[in-house]
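# Report on the structure
In case you want the letters, here they are:
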Amino acid sequence: MTAFVHPDEIRSRFSAALSAMYRAEVPQYGELLTLVADINARTLKADPTTADRLAASGELGRLSQERHGAIRVGTADELATIARAFAVMGMVPVSYYNLAPAGVPVHSTAFRPVDPAALARNPFRVFCSLLRLELIEDESLRQEAAAALARRDIFTPEARVLIETAETDGGLDADQADRFVSELLETFRWHAEATVSAETYERLVAAHRLIADVVSFKGPHINHLTPRTMDIDAAQAAMPERGIVPKETIEGPPARACPILLRQTSFKALQEAVAFPSQDGGAVSGVHTARFGEIEQRGCALTPTGRALYDAALATKDFSALPDDWTALRRDGLAWFRYRPTPQGLAARAETTDLAALIGLGHVVAEPITYEDFLPVSAAGIFQSNLGAEARGAAYAVDPARSDFELALGRSVLDEMALYQAEQDASVAATLKALGLTTAAA
Ligand code: OOG
Ligand code: NI
């Protein structure tokens, strides 16, 4: 029997191959990687406590490999097939993001590993959006867009075969895994040849720049690849020295002693040359801007209560309701934590099952669980509050489009909160068991 390559390993290879390809396509991305690596090394040296915490949670090793990317697909079949391809790499859809309230005609999910051990090996994530063609108002343009999408296959024939093979055989052997990585990479590659005329492209741009980006090309080129920095303020400040001009402000929560959720900043990549097919069989040259650079700093995942406070804080720009203190965040049930017994706790005879008391005694430690998901919907919240429209909850209400999305995807998306809850619960159970407190805790 041939041995299968572990999905985590295929994911790591794919992430590395994608990074190498994007580096060649967008040289500024290479600059960004160097800058982030420098800043991370400096930050961890200056802050041994954080370095120790990351080492304990298994995140130190993954840091230099860690990145997320994003693609935008055009049809239900493309989404369902990309979901199957990600599944080969141990990546499943987590959360539903509706970008329509922010004026972006897509809805999305994030494909990522969910198992803590898999996340520690390589947390590669891809934010994947599906175009909502029904939001194009102009009927003839909508039909033209649908026809252009119907004409293309974003997967190579061999990629399709290998996805099938992985599903029927239960995995891929070494040679198949290598071919899978290089064949799937083709789906993410930039194609300078547009599939629509310059005239159609302009009409699509006029409808929405994003629609033109999804519809006009052979495939859903990777549009950014984001490394994780330990100090986004330092990275932001250092970008201009490397010839990278970031947007003015950092998105997400303000800088804090106890980082939460996700802070991100981005820069515009260069305009890319495109060739549009012309009627005489020749080509018309033009430009397309869609691909950009981004960096992010990840903090602690918030519970639904914490998240509601964050969303409200974002709207009012007053973050004082969210305590900047791990103990308070834990005590108030605002953030998720991973518990573990200390050597001292294991040596002592436990006298209480109360976690807060055990932490006070130094028998247990609680480490913040890193946020593994995304916040693009906060943009919708900002948008809404700027407009002064509707109550804030509306941006996050379940939209009927969600069921359309899941139908296209071929499955339902996982609930991120349930995943964090499960991780916290499992760590509590394991801690109490290690301390000999299991029955008392039941
Ligand atoms: C994806 C935008 C979402 C993030 O970091 O929030 C994203 C896109 O523009 O296709 O990547
Ligand atoms: Ni991003």
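What this report covers is the structure whose coordinates are included nearby. (Residues numbered from 1 in each chain as written. Chains lettered and ligands numbered in written order. Predicted model: local features only at pLDDT ≥ 70, side-chain atom pairs only at ≥ 80, totals over all residues. Heavy atoms only, no water.)

### Considering the packing of aromatic side chains
Note the cut-off: Centres within 6.5 Å make a pair out of two Phe, Tyr or Trp rings, where for Trp the six-membered ring is used; the pair is then stacked when the planes are under 30 degrees apart, edge-to-face when over 60, and tilted otherwise.
Across all of its chains, the model carries 13 aromatic pairs by this definition. Both rings, one in Y310 and one in F319, keep their centres 6.0 Å apart while their planes meet at 50°; by these two values the pair is tilted. Put simply, the rings of F14, F86, F111, F124 and F188 touch in pairs and so form one group of aromatic residues.

### Let's talk about the packing of helix α5 (residues 76-88) against helix α9 (residues 174-188)
Selection criterion: Inter-axis angles, ranging from 0 to 180 degrees, are taken between N-to-C directions of lines fitted to C-alpha atoms, where helices are fitted over the stretch in contact. Labels follow the DSSP assignment, with helices taken as runs of H or I lasting at least four residues and strands as runs of E lasting at least two, numbered in each case from the N terminus. Whether a crossing is left-handed or right-handed is set by the direction in which the near helix is turned from the far one by less than a right angle, anticlockwise for left-handed and clockwise for right-handed. Between two residues, a contact is recorded if the distance between any of their heavy atoms is within 4.5 Å. Only Asp, Glu, Lys and Arg are considered charged, only Ala, Val, Leu, Ile, Met, Phe, Trp, Tyr, Cys and Pro nonpolar, and every remaining residue, Gly among them, polar.
Two elements in contact, α5 and α9, have axes separated by 12 Å at closest approach and are oriented at 145°. You can see that α5 and α9 cross each other, and the crossing is left-handed. Across the interface between the two elements, I82, A85, F86 and V88 from α5 touch F180, L184, T187 and F188 from α9. In terms of residue class, the contact of α5 with α9 is built from 7 nonpolar, 1 polar and no charged.

### Points about the coordination of the nickel ion (ligand 2)
Quick reminder of the rule: Donor criterion used throughout: N, O or S atom within 2.8 Å of the metal, extended to 3.2 Å for Na, K and Ca. Water excluded; incomplete-looking sites may result. For the exposure calls, accessible area comes from a 1.4 Å probe over protein chains only, and a residue counts as buried if that area is under 20% of its type's maximum, exposed if over 50%, partly exposed in between.
Taken together, H68 (NE2), H224 (NE2) and E294 (OE) make up the protein donors of the nickel ion (ligand 2), found 2.1 Å from the metal. Counting the intervening residues between successive donors of the nickel ion (ligand 2) yields the motif H-x155-H-x69-E. Within this pair, whereas H68 is found in strand β1 (residues 67-73), its partner H224 is found in strand β5 (residues 224-227), the two being separated by 156 residues in sequence. We note that H68, like H224, is buried.

### Examining the site of ligand 1
The cut-off we apply is this: By convention in these notes, a residue is near a molecule or strand provided one of its non-hydrogen atoms lies within 4 Å of it. Pairs of N or O atoms within 3.5 Å make up the polar contacts considered here, provided that, within protein, one atom can donate a hydrogen while the other can accept it, and that residues adjacent in sequence are counted only when both atoms are side-chain atoms. Surface accessibility in these figures is a Shrake-Rupley result with a 1.4 Å probe; residues are shielded only by whichever protein chains are displayed.
As a structural note, the neighbourhood of ligand 1 is formed by H68, A70, R72, F127, N223, H224, Q264, E294, F374 and P376. Contact distances for ligand 1 include 3.1 Å between an oxygen atom and a side-chain N or O atom of H68. Measuring from an oxygen atom of ligand 1, one finds a side-chain N or O atom of Q264 at 2.8 Å. Burial of ligand 1 by the surrounding chains reaches 85%, relative to a free accessible area of 320 Å². Its residues assigned to classes, the shell around ligand 1 shows 4 nonpolar, 4 polar and 2 charged.

### Considering the packing of helix α8 (residues 157-169) against α9
Note the following rule: The cut-offs work like this: below 35 degrees is roughly parallel, past 145 is roughly antiparallel, 65 to 115 is roughly perpendicular, and the gaps in between are oblique.
Packing of α8 against α9 leaves a shortest axis separation of 9 Å and a crossing angle of 135°. The angle between α8 and α9 falls in the class oblique. α9 is crossed by α8, and the crossing has left-handed handedness. Across the interface between the two elements, E158, A159, L162, I163 and T165 of α8 pack against Q176, R179, F180, E183 and L184 of α9.

### Side note on helix α18 (residues 401-409)
For clarity, the threshold we go by: The arc refers to the directions leading from the helix axis to the C-beta atoms.
All buried positions along α18 are accounted for by A401, F405, E406, A408 and L409. Buried residues of α18, viewed axially, fall in a sector of 160°; they line one side. In this fold, the buried residues of α18 make contact with α5, β2 (92-98), β3 (106-112) and β4 (125-131). Once α18 ends, the next one or two residues include G410, with phi positive near 90°.

### Here's the deal with the environment of T187
Considering the arrangement of structural elements, one finds T187 in helix α9. Here T187 falls in the buried class, since its relative accessible area comes to 1%. When the C-alpha atoms of T187 and T303 are compared, they prove to be 36 Å apart, with 116 residues separating the residues in sequence. In this structure, T187 is in contact with I82, I154, F155, G219, P220 and H221, ignoring residues within four places of it in sequence. Here I154 takes part through its backbone oxygen, which lies 2.7 Å from a polar atom of the side chain of T187.

### Some details on α9
Test applied: The span you would expect from a helix comes to 1.5 Å times its residue count less one.
Along its 15 residues, α9 runs 22 Å from first to last C-alpha, staying within 8% of the 21 Å computed at 1.5 Å per residue. Within the span of α9, buried status applies to Q176, A177, F180, V181, E183, L184, L185, T187 and F188. Where α9 is buried, its residues touch α1 (7-25), β1, α5 and α8. Two or three places before D175, at the opening of α9, D173 has a side-chain oxygen 3.2 Å from that residue's backbone nitrogen.

### Considering the nonpolar core
Let me state the cut-off plainly: The set of buried Ala, Val, Leu, Ile, Met, Phe, Trp, Tyr and Cys residues whose side-chain atoms join them within 4.5 Å is what this entry labels a nonpolar core.
The biggest cluster of nonpolar side chains holds 44 residues, and the ones touching the most others in it are I10, F14, L18, L79, I82, F180 and F188. Every element with two or more residues in this core is listed here: α1, α2 (27-46), β1, α5, β4, α8, α9 and α18. When neighbours within four sequence positions are excluded, L18 is seen to be in contact with F124, L185, F188, I222 and L225.

### Quick word on the sheet that holds β3
Threshold: One bridge is not enough; two strands pair if DSSP finds at least two bridges between them.
The strand order across the open sheet formed by 5 strands is β2-β3-β4-β1-β5, and the pairing between neighbours is mixed. Among the strands making up the open sheet, the edge pair consists of β2 and β5. Taken pair by pair, the neighbouring strands of this sheet meet at an average axis angle of 20°, ignoring direction. Contacts from α18 reach β2, β3 and β4, with the element oriented near 50° to β3.

### Details of the side chain of T303
With respect to the element layout, T303 can be found in the loop between β9 (292-298) and α13 (304-316). Look at T303 and you get buried, because its relative accessible area is 7%. Apart from the residues lying within four places of it in its own chain, the contact partners of T303 are G333, L334, A335, W336 and M417.

### Things to note about the pattern of salt bridges
Note the threshold: We define a salt bridge as a side-chain nitrogen of Lys or Arg found within 4 Å of a carboxyl oxygen belonging to Asp or Glu.
Taken as a whole and assessed by the stated rule, the structure comprises 39 salt bridges. Across the salt bridge formed by E9 and R13, the nearest N and O atoms sit 3.0 Å from each other. Note that E9 and R13 are positioned in helix α1 at a spacing of 4 residues, about one turn of the helix. E9 gets classed as partly exposed once you look at its relative accessible area, which sits at 28%. One salt bridge in this structure joins R62 and E372, with 3.3 Å as the shortest N-O distance. Placement of the pair is R62 in helix α4 (residues 59-62) and E372 in the loop between β11 (364-368) and α17 (376-387), with a sequence separation of 310 residues. The pair formed by R62 and E372 is uniform in burial state, with each residue classed as buried. Taken together, the shared-partner salt bridges connect E59, R62, E66, R125, R228 and E372 into one network.

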